[in-house]
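Overview (structure and organization)
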Amino acid sequence: MKRAFIMVLDSFGIGATEDADRFGDVGADTLGHIAEACAKGEADHGRKGPLNLPNLTRLGLVKAHEVSTGKIAAGMDGNAEVIGAYAWAHELSSGKDTPSGHWEIAGVPVLFDWGYFSDQENSFPQELLDAFTAKTGYKVLCNKPYSGTDVIRDYGEEQRKTGKWIVYTSADSVFQVAAHEEWIPLQELYDACRKARKILQGKYGVGRVIARPYVGDAEHGFKRTANRHDFSLEPPKQTMLDAVKAAGLDCLAVGKIHDIFAGRGDTEYVFNKSNTDGMAHTVDYAARDFHGLCFVNLVDFDMLYGHRRDIDGYAAALTEFDRWLGTFLPTLGEDDVVMITADHGCDPSYTATTDHTREYVPLLVLGKGVKPGNLGTKPTFADIAATVTDLLGVHWDGAGTSFAGEIL
C-alpha cells in the first residue's frame, strides 16, 4: 500500500468491555444506545426514525457491534452486504482516555498510571498551584473535578473580576485551564499551559494539560470556543508516527493528533475547528500525491456530544460523517487503505457521570486490495500500528500483531 488513512471517531464505542466494571461502566454502549433512542423516536439525527448509517453498515459496523454485544443495534440493518473487513478492538491500556487510546493505536499501550486528581475535593496540591502562579503571575480558581461547561458557568464571572485562572480536572488525567479569550489573550493562555506542562512531571505527570478558552458573559451565558489545545506528555517509546517518519514517508496529522503526540512524529499537521472542518482537511490531503500515513481525529463526537450527553447531536454527527464517507471512499486509489476506529467510548445515554466509558471500539478496514470479512476480536489497538507499518513497508518492532495477511 502507498497510503493509509486512519480515522478516529473520538469516543465511538460499540459496547462495554468485560472489564468495564473496574471503571464503573457496566452496560455502556455508545452506538447501541444512540440507535435505540433513534429507533424509539426519542432522538433526531436530521430526520425522525432509525439511525441510518448505510456506508458504515456496509463496512461492517453493525456486524462488529452485534458480535461485541450479542445483539443488532436497534433499527439498523444486520443483514446488509459487507464490503469491508471488520473487527472489534479491546483497549489494553489501563485507562479510557484520549492519550492512552491514541498512543495504543500508534503502538504504545499505556501500562503505567498517569497522575489522577479527581478523587479529592481540592484536586491539585497547593505546592503545584503555587508553582503555576509563580510562573504565570495569576492565582487559581476552582481546583476541583468539574464539567467543562459548568465550570465556566460557575466561575466565569469571578474570573472577570479577579483575573485568576480557572483550573479543574476530570476523571481523566488532565490539568485544565479555562480563560476568557477577551480577558486573557489566547497566546497567554497557551503559554501558561506550556509552563504548566513543564511543572506537571514525575508524581504530578498528568497525561494532558488542556487550554480551554471561552467567550460570553454572565447575562447571556459563557460558551467554549474551538481554540482548545492539548499539551501532552511525549510517548515513552517509538510510535507508529515516528516509524513512518523515520522511513522517509509522509505522516500527516489532522485535528488533535499533533497535540496528542506532543508534536512528535508528524511531517505536517493541521488543526480542526469542527468535524466538518476535519473531513475537509482529510479530502485536501487525499487529493495530494503523498506516500505514507494520514492520521485523523474527529473530536466533536466526544467533546460536543458524548461528554455533554447529547444523543441527538451525536446521532446527527454520525449521520454527517456517514454521508461524507459515501463521497470520500470512491476517490481512493488502488493502493490506498482506510481504517475507521475510535479511542474509547463516551455513551451519551450514560448519565451516572459525564466521563468516558470503557468500551470496545470498531475497526473497519476498506481498500480496493482489501478482502471483506470478520477479523474477530483484536486484543489491543496496537494491532493497527503493526498492520499499517506492515502495509507501508515500514520497519516496526513495537507492540501489536499485524493482520495485513488477513485482509490482502
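Our structure's up above, just so we're on the same page.
Residues numbered from 1 in each chain as written. Predicted model: local features only at pLDDT ≥ 70, side-chain atom pairs only at ≥ 80, totals over all residues. Heavy atoms only, no water.

**What to know about the sheet that holds strand β13 (residues 361–366)**
Threshold: Two strands are said to pair when DSSP picks up at least two bridges between them. Secondary structure counts use DSSP, requiring at least four H or I residues in a row for a helix and at least two E residues in a row for a strand, with both numbered from the N terminus. The angle between two axes is taken between their N-to-C directions and runs from 0 to 180 degrees, where each axis is a line fitted to C-alpha atoms and a helix contributes only its stretch in contact.
The eight strands are arranged β10-β9-β11-β1-β12-β13-β2-β14 in an open sheet whose pairing can be described as mixed. Each having just a single partner strand, β10 (268–270) and β14 (373–378) make up the two edges of the open sheet. With direction set aside, neighbouring strand axes in the sheet form an average angle of 15°. As defined by bridge partners, strand β9 (residues 250–254) adjoins β10 across three bridges and the pair is classed as parallel. If you follow Val254 over to β10, its bridge partner there is Val270.

**Quick word on helix α12 (residues 311–328)**
Condition: Expected helix span is given by 1.5 Å per residue-to-residue step, counting one fewer step than there are residues. Three labels apply to residues, based on accessible area from a 1.4 Å probe with only protein chains included: buried if under 20% of the type maximum, exposed if over 50%, partly exposed otherwise in between.
Between its first and last C-alpha, α12 extends 25 Å over 18 residues, near the 26 Å set by a 1.5 Å rise per residue. Within α12 the residues assigned to the buried category are Gly313, Tyr314, Ala315, Ala317, Leu318, Thr319, Phe321, Asp322, Trp324, Leu325 and Phe328.

**Brief notes about the layout of surface pockets**
Where we set the bar: With a 1 Å grid laid over protein atoms only, a set of points is called a cavity when a 1.4 Å probe fits there but cannot get out and a pocket when it is open yet has protein on both sides within 12 Å along at least five of seven lines; lining residues have an atom within 4 Å of a point. Grid points are joined across faces, edges and corners, and a volume is the space filled by probe spheres set on the points. All residues other than Ala, Val, Leu, Ile, Met, Phe, Trp, Tyr, Cys, Pro, Asp, Glu, Lys and Arg, Gly among them, are scored as polar; the first ten of these are nonpolar and the last four charged.
Approximately 560 Å³ is the volume attributed to the largest pocket. Residue lining of the largest pocket: 27 residues in total, with Thr225, Ala226, Asn227, Arg228 and Met303 positioned closest to the centre. Of all the secondary structure elements, the ones that give two or more residues to the lining of the largest pocket are α6 (148–162), β6 (208–217), β7 (221–224), β8 (229–232) and α11 (300–306). Taken together, the residues that form the lining of the largest pocket break down as nine nonpolar, eight polar and ten charged. Considering only enclosed or pocket space, the second largest pocket measures out at about 320 Å³ in volume. Residue lining of the second largest pocket: 26 residues in total, with Tyr146, Ser170, Gln176, Arg212 and His307 positioned closest to the centre. For the lining of the second largest pocket, the secondary-structure elements that each account for two or more residues are β4 (165–169), β5 (174–180), β6 and α11. Tallied by class, residues from the lining of the second largest pocket come to seven nonpolar, ten polar and nine charged.

**Quick notes on the pairing of β6**
Operational definition: Crossover handedness is defined by viewing with both strands directed away from the observer: a clockwise path from the first strand over the helix to the second marks the crossover as right-handed.
When you tally the buried positions in β6, you get seven out of ten residues, the bulk of the element. In terms of strand pairing, β5 meets β6 through seven bridges, oriented parallel. The residue bridging Val177 from the neighbouring strand is Ala211, located in β6. Each parallel crossover has a hand, and the one from β5 via helix α7 (residues 186–199) to β6 is right-handed. Here β6 runs beside β8; their pairing, made up of four bridges, is antiparallel. Paired with Arg208 across the two strands is Ser232, which belongs to β8. The turn joining β6 and β7, which pair antiparallel and follow one another in sequence, is formed by three residues.

**Some details on unusual backbone geometry**
The phi torsion at Ser11 lies on the positive side, around 90°, for a residue other than glycine. Position of Ser11 among the secondary structure elements: in the loop between β1 (3–9) and α1 (30–39). For Ser11, a relative accessible area of 0% corresponds to the buried category.

**A short note on the packing of aromatic side chains**
Put simply, the test is: In this scheme Phe, Tyr and Trp rings, the latter by its six-membered ring, pair at centre separations within 6.5 Å, and the angle between planes marks the pair as stacked below 30 degrees, edge-to-face above 60, and tilted otherwise.
Per the stated rule, a full pass over the model turns up 20 aromatic pairs. Pairing Trp183 with Tyr214 gives two aromatic rings, centres 6.4 Å apart and planes at 85°, and the pair type is edge-to-face. Of this pair, Trp183 sits in the loop between β5 and α7 while Tyr214 sits in strand β6; the two residues are 31 residues apart in sequence, bridging distant segments of the chain. Feature note: the residues Phe117, Phe124, Phe132, Tyr138, Trp165, Phe175 and Tyr204 constitute an aromatic cluster, connected by ring pairs.

**Examining the side chain of His356**
Here is the rule we go by: Pairing of N or O atoms within 3.5 Å defines a polar contact, subject to two protein rules: one partner must be a possible hydrogen donor and the other a possible acceptor, and residues neighboring in sequence count only if both atoms are side-chain atoms. Contacts were defined at the residue level, with two residues in contact if any of their heavy atoms lie within 4.5 Å.
Position of His356 relative to the elements: it lies in the loop between β12 (336–341) and β13. One polar contact links His356 to His307, side chain to side chain, over a distance of 3.0 Å. Side-chain polar atoms of His356 contact the side chain of His344, separated by 3.5 Å. Excluding anything up to four places from it in sequence, His356 contacts Asp25, Lys96, Asp97, Thr98, Asp172, Asp302, His307, His344, Gly345 and Cys346.

**So, the state of the cysteines**
Where we set the bar: Whenever a pair of cysteine sulfur atoms sits within 2.5 Å, that pair is classed as a disulfide.
Evaluated as defined, the whole model comprises zero disulfides. Considering cysteine sulfurs only, Cys193 is the nearest to Cys142, which forms no disulfide, with 15 Å between them. A relative accessible area of 13% places Cys142 in the buried class.

**Examining the nonpolar core**
Most often, soluble globular proteins have nonpolar side chains that are buried together. Note the cut-off: By nonpolar core we mean a set of buried residues, namely Ala, Val, Leu, Ile, Met, Phe, Trp, Tyr and Cys, connected to one another through side-chain atoms within 4.5 Å.
Among the nonpolar cores identified, the biggest contains 94 residues, and Met240, Leu293, Phe295, Phe321 and Ile340 are the most heavily contacted of them. If you tally residues by element for this core, the top one is α12, at eight residues. Sequence-distant contacts of Ile340, that is, excluding residues within four places in its chain, are made with Met7, Leu9, Leu56, Leu59, Phe321, Leu325, Pro362, Leu363 and Leu364. Among the nonpolar cores identified, the runner-up in size contains 22 residues, and Leu128, Cys193, Leu200 and Tyr204 belong to it.

**Side note on the pattern of salt bridges**
The following threshold applies: Any Lys or Arg side-chain nitrogen located within 4 Å of an Asp or Glu carboxyl oxygen qualifies as a salt bridge.
Throughout the structure, instances matching the rule amount to 20 salt bridges. Here Arg22 and Asp19 are joined by a salt bridge, their closest N and O atoms 3.5 Å apart. Its salt-bridge partner being Arg160, residue Glu157 comes within 2.5 Å of it at the nearest N-O pair. Here Arg160 and Glu157 lie together in helix α6, a separation of three residues that amounts to about one turn. A relative accessible area of 45% places Arg160 in the partly exposed class.

**Some words on empty space enclosed by the protein**
A full pass over the atoms with the stated rule returns one cavity of 30 Å³ or more. What the largest cavity holds in volume is close to 40 Å³. As for the largest cavity, its lining consists of Ser94, Gly95, Asp97, Ser100, Val110, Phe112, Asp113, Trp114 and Tyr116. For the lining of the largest cavity, the residue count by class is four nonpolar, three polar and two charged.

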